[in-house]
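Observations on the three-dimensional arrangement
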Amino acid sequence: MLEIEIDGKKLTVPGGSTVMDAANSIGVHIPHFCYHKKLSIAANCRMCLVQVEKAPKPLPACATPVTDGMKVFTHSDQAVTAQKGVMEFLLINHPLDCPICDQGGECSLQDLAVGYGQTGSVYSEEKRVVANKDLGSLISTDMTRCIHCSRCVRFTEEIAGFQELGMANRGEFTEVMPFIGKTVNSEISGNVIDLCPVGALTSKPFRYSARTWELSRRKSVAAHDGLGSNLVVQVKNNKVMRVLPLENEAINECWLSDRDRYSYEALNSEERLTQPMLKQGGVWQTTDWQTALEYVANGLKQVIAEHGKDSVAAVASPNSTVEELFALRKVMAGLGVEAVQAFARNADFSVKTQGAQWLGQSLAELSQNESVLVIGSTLRKEQPLLAQRLRQSVKKGLALSLVNTHADDLLTKVVGQVVVRPDQLVEGVLQVVKAIVELKSVAAPAGINLDGVVVSDAARAIAQSFEGKTKAAVLLGNIAQYSARYAEVYAAASALAQLTGATLGVPAMAANSVGAQLIGADLGGNVFASGAAKKAYVFLGLEPEFDAHNGAQALAAAQQAEMVVVMSPFQSCAMDYADVILPVSPFSETSGSFVNMEGKVQSFNGVVRPLGETRPAWKVFRVLGNILGFNGFEYNSSEEIRDEALAGEISTRLNNALTNTVQVSAQSVQGLVRLGEVPLYQTDSLVRRAPSLQATSEAAVASTLRANSATLAKLSLCAGDKAIVKQGQGSAELIVAVDDGLVDDVIRAATSHPLTRNLGEMVGAVEVLKG
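These remarks concern the structure in this document. The structure displayed is predicted, hence computed values, not measured ones.

Quick notes on the rules
- Residues numbered from 1 in each chain as written.
- Predicted model: local features only at pLDDT ≥ 70, side-chain atom pairs only at ≥ 80, totals over all residues.
- Heavy atoms only, no water.
- Helix = DSSP H or I, 4+ residues; strand = E, 2+ residues; numbered from the N terminus.
- Rg over C-alpha atoms; globule rule 2.2 N^0.38 Å.
- Buried < 20%, exposed > 50% of the residue type's maximum accessible area, 1.4 Å probe, protein only.
- Areas by Shrake-Rupley, 256 points an atom, 1.4 Å probe, with all protein chains shown as cover.
- Polar contact = N/O pair within 3.5 Å; in protein donor to acceptor, adjacent residues only side chain to side chain.
- Contact = heavy atoms within 4.5 Å.
- 1 Å grid on protein atoms, 1.4 Å probe; cavity = no way out; pocket = protein on both sides within 12 Å on 5 of 7 lines; lining within 4 Å.
- Points joined across faces, edges and corners; volume = space filled by probe spheres on them.
- Nonpolar A, V, L, I, M, F, W, Y, C, P; charged D, E, K, R; others polar.
- Disulfide = S-S within 2.5 Å.
- Expected span 1.5 Å × (residues − 1).
- Pairing = 2+ DSSP bridges.
- Axes fitted to C-alpha atoms, helices over the stretch in contact; angles between N-to-C directions.

This paragraph deals with the overall build of the chain. Per the secondary structure count, the chain includes 23 helices and 33 strands. Relative to a compact globule of 771 residues, whose C-alpha radius of gyration would be 28 Å, the chain shows 28 Å and is just as compact. With respect to the principal axes defined by its C-alpha atoms, the chain has extents near 90 × 70 × 55 Å. Sorting the 771 residues of the chain into buried and exposed places 61% on the buried side. Of the accessible surface of the chain, which amounts to about 29700 Å², a share of 50% is contributed by carbon and sulfur atoms.

Take Gln 234: it is sitting in strand 11 (residues 230-236). On the accessibility criterion, Gln 234 (2% relative accessible area) is buried. Side-chain polar atoms of Gln 234 contact the side chain of Arg 242, separated by 2.7 Å. Beyond its immediate stretch of four places on either side in the chain, Gln 234 contacts Leu 215, Ser 216, Arg 217, Lys 239, Val 240, Met 241, Arg 242 and Leu 244.

The tally for this structure, following the rule as stated, stands at six cavities of 30 Å³ or more. Here the largest cavity is characterised by a volume of approximately 270 Å³. In terms of lining residues, the largest cavity is bounded by 21 residues, among which Asn 319, Ser 320, Ser 585, Pro 586 and Phe 587 are the most central. Of the residues belonging to the lining of the largest cavity, the class tally is ten nonpolar, nine polar and two charged. Taken as a whole, the second largest cavity encloses approximately 100 Å³ of empty space. In terms of residue class, the lining of the second largest cavity is made up of eleven nonpolar, two polar and no charged.

A word on the layout of surface pockets. Considered as a void within the structure, the second largest pocket measures approximately 900 Å³ in volume. Contributing to the lining of the second largest pocket are 35 residues, with His 36, Ser 108, Arg 151, Asp 194 and Leu 195 lying nearest its centre. Of all the secondary-structure elements, those providing two or more residues to the lining of the second largest pocket are helix 3 (108-116), helix 5 (191-195), strand 9 (201-203), strand 11 and strand 12 (239-245). No other element matches helix 5, which puts four residues into the lining of the second largest pocket. Grouping the amino acids of the lining of the second largest pocket by side-chain chemistry returns 16 nonpolar, ten polar and nine charged.

Under the definition given, this model contains zero disulfides. Left unpaired, Cys 146 is separated from the closest cysteine sulfur, that of Cys 152, by 6.4 Å. With no disulfide of its own, Cys 149 lies 6.1 Å from the sulfur of Cys 196, the closest cysteine sulfur. Residue classification places Cys 149 among the buried positions, given a relative accessible area of 8%.

On to helix 12 (residues 425-440). In an α-helix, one turn spans 3.6 residues; hence positions three or four apart end up facing the same way. Under the 1.5 Å per step criterion, the end-to-end length of helix 12 is 23 Å for 16 residues, consistent within 8% with the ideal 22 Å. Across the 16 residues that make up helix 12, a large majority, twelve, are buried. Here helix 12 has its buried residues at Leu 425, Val 426, Glu 427, Gly 428, Val 429, Leu 430, Gln 431, Val 432, Val 433, Ala 435, Ile 436 and Val 437. Buried residues along helix 12 sit in contact with strand 17 (371-375), strand 18 (399-404), strand 19 (416-419), helix 13 (457-465), helix 14 (478-481) and helix 15 (486-500). Taken from the residues just after helix 12, Ser 441 is the one with a positive phi, measuring 55°.

Turning our attention to the sheet that holds strand 15 (residues 312-316). Either a parallel or an antiparallel arrangement is found when strands of a sheet pair, and the pairing is made through backbone hydrogen bonds. In spatial order, the strands read 14-13-24-23-22-15-16; together these seven strands make up an open sheet with mixed pairing. Since the sheet does not close on itself, it has two edges, and those belong to strand 14 (283-286) and strand 16 (340-341), each with one partner. As judged from the four bridges shared by strand 23 (residues 563-568) and strand 24 (residues 580-583), these two strands associate in the parallel manner. Paired with Val 565 across the bridge in strand 24 is Val 580. Taken strand by strand, helix 8 (residues 322-334) contacts strand 15, strand 16 and strand 22 (536-540), and its axis lies near 180° from that of strand 15. Packed on one face of the sheet, helix 19 (residues 617-627) meets strand 22, strand 23 and strand 24 and runs near 140° to strand 23.

As C-alpha cells, then:
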C-alpha cells in the first residue's frame, strides 16, 4: 500500500494504482475524456492534467502511477490553467451545433466546457470538416465533432475483440474511421455510443426523436439471452424511446449487447395487437376480454371432454416471466393438463438432472477459471456479453478451448478446437474424454464407451489444457442443448467434468430458461412431433414456425389442431392458424421476474402503460382461472405469484448432476447434413420485429447457405449462386456463401428464419440443388 495526498486529503492505495484511481476512491472528480475504467490507458486527451509536487509540469492523472508520499493538486492554479488550455484546443475545431446535436444534455464536452471553457475564441482560422462514415444501421456519425479520445477504437479492439475502428492521419487531420468499405458489425457495437463523450457517435434509431431531459428513466431487465443484463429504459409520452445499460458489475458490467439495446423498436411495431380477436366463420373480428376468455375456457373444456386431457398442450416462450409461466401451469393443472412446455427448440427431452440446469457457478466465478471448454456453441451470437467476459479472462491466462460444429472466430486465443459435423457432437466430446483418460491413465466413467473413437491433436491439446488446473469449467452451448442426442452430449460432458474436476455449466438459452425449469414448465416433451400432436394448443409469446426445433412440423401441428389460443403482443402469422388471439404485454408493460443463468432472481416493473387493451399475461391467467372456477387465483400483484412460484431457497434447486447413467458410444454417419442455428437477430418475437437489427450485416448473413469450398464444389455451387435446400416436405431458396470453418458435407442454413421456415429439424439430412 502506498500513501498519497490529494488536495490535502491523505489516503493509502494499492501499488500500481494511478492518480485517477486514487482520486476516484475518495470521490475527487478529475475532468477527463479518454479515460475509462474498462479500457486501456491512452492519455491522449490531456484533460486530466494535474499538478504533482516536485514535477516540472502538469501530469496526466490517468497515466501517472502513484508513488509513496506523492502530493497531488487537482484544482490548483497550475492544474486549472493546464486544463483550460487543453479545453481551448479541443474546442478549436468543434462545431457550434449543440442545439441540433443528439448528445446535447448528456455531453461530457458540453459539461466540462462550462467549467473550463473560455467565453470567447481567439482562433480565427477555418475550422476543419470531417466526412461522416457509414458504420451500419445502428450507429450514426457526425465525425466533425470527434475529439479523438480513442475510446471507440480501444473498445472495438479490447472489449469487442476485433479492431473495427482505427485512427488515421496525424495532427488536426486525424480521423476515426472503419476499414475502407466496412461497417461496424460487432454484436456489442452499440457500446461505442455510450463511450463517446461527444456527439460523434450516436444511436441511429434514436436520432432526432427526443431530448435527453424529456425522457423518464426506469430500470428493467433484458428479455433475450440468459445473462439478464440490467437496463435503463428511457420513456417519453408512454413510449419506449431508448434503452441503455444499467451498470451491474456482477452481471453485464457497464455493457449491453445490440440485441438488448435495439430490440425496443418492436415495442412500437405496427404489428402490435391492441384488442382481443376471435375468428368467426373464418373471419377475424375484434371482441372484448370477457367474451374472448369465455370462448377460451369453453373451447378448452370442450376439447378435453371430447379427446381427454392429454389432447391439450401449453407452449410458452422461455422469455416469459416466472409469474406468467407459473400462472399458465396453474391454469393447465386445473384443467388436468400436464403438457406445459417452454423449451420448444429442444429435440431431446430425456436428460434428467437432480435440479434445474444452470451455469454451475456465478458469472464472476466463471471469469476466474483457469480452463474453460465450450461445447456446441455459437458463443458470440448466443451470449454476446458472456463471450466478452471470457475474452477478458483469456488475457489474464484462461485456457479457452472448443468442441464445435464450426470454426467461427471467437476473437480471442484458443488452446484447441475440435470441429465436427453437427450430428457428431457426441463423438467430438468423446475425443476429449478419451484423450484425458489416456493422459491420466484412468478408466472411462460409467456408461462411456470409447471404442472406435479416434483422438485428434486438437483433442489432446484440450485435454492438456486441464492438467494442473484447480478451477475449470465445461459449458454446453445452444447447439448442444438443441441436439437430438443431447442426453449423450450431456453425459459425455459430465464425464469430462468428472475426470478433470471441472464444473459443468449450462448457459441458459433464453431470459428465463432456469426459471421455467424451477416452476416445472419443461414437461410434455415434443408436443409437435408426429403422433404427439395435440387437438388444442395454448401459445404464450411463442411463434411455432420460428420458435420450435422443427418449425414446419410445429406449424403443421398448429394448423391441424381444433383450437389454438395465441397470447402475444403481435398479430404475426398467428392469423393463419389461431382461433383466438389475446394481446398480452411484452416485458416493458408488465412486472415480473427472470432467473438468469447463474440462478439470480431479478424482478422488474413495467416501464410504460399497456398499449390499448393489452394486458399482462399473469392477469389474463388470473381471470381465466376465475372463469373456470379454480381456487387459488386471487392474486393482487405479480409479487404474490413470484413468492408462491419461487418459495424456498433457490440455490438448493439448481443441480446439473444426472439422476441416471446414460449410455454413450460413437456412431458413424454420412451424407449431407444441415447445421441450423438460431440467428442472433431471430431469437424471439421482439428482435424479429426490430427494423434496425434486421438491417445489419449479421441479419444478411443469416439468410445465406454456407458450406466449405470442397462441399460447394461437390454440389457444383459457387459463392453468389442460388441454391434450393430441401428437407422433409419443405424447401428454401438461399444465396450461397463460402464458409471454410465447416467440415465436409455440412451446410449452414439458419433456422427460425422467414426464408427457412418450411425446412425441418435444426440438424438433419438435407438435399441441395442449384437454383
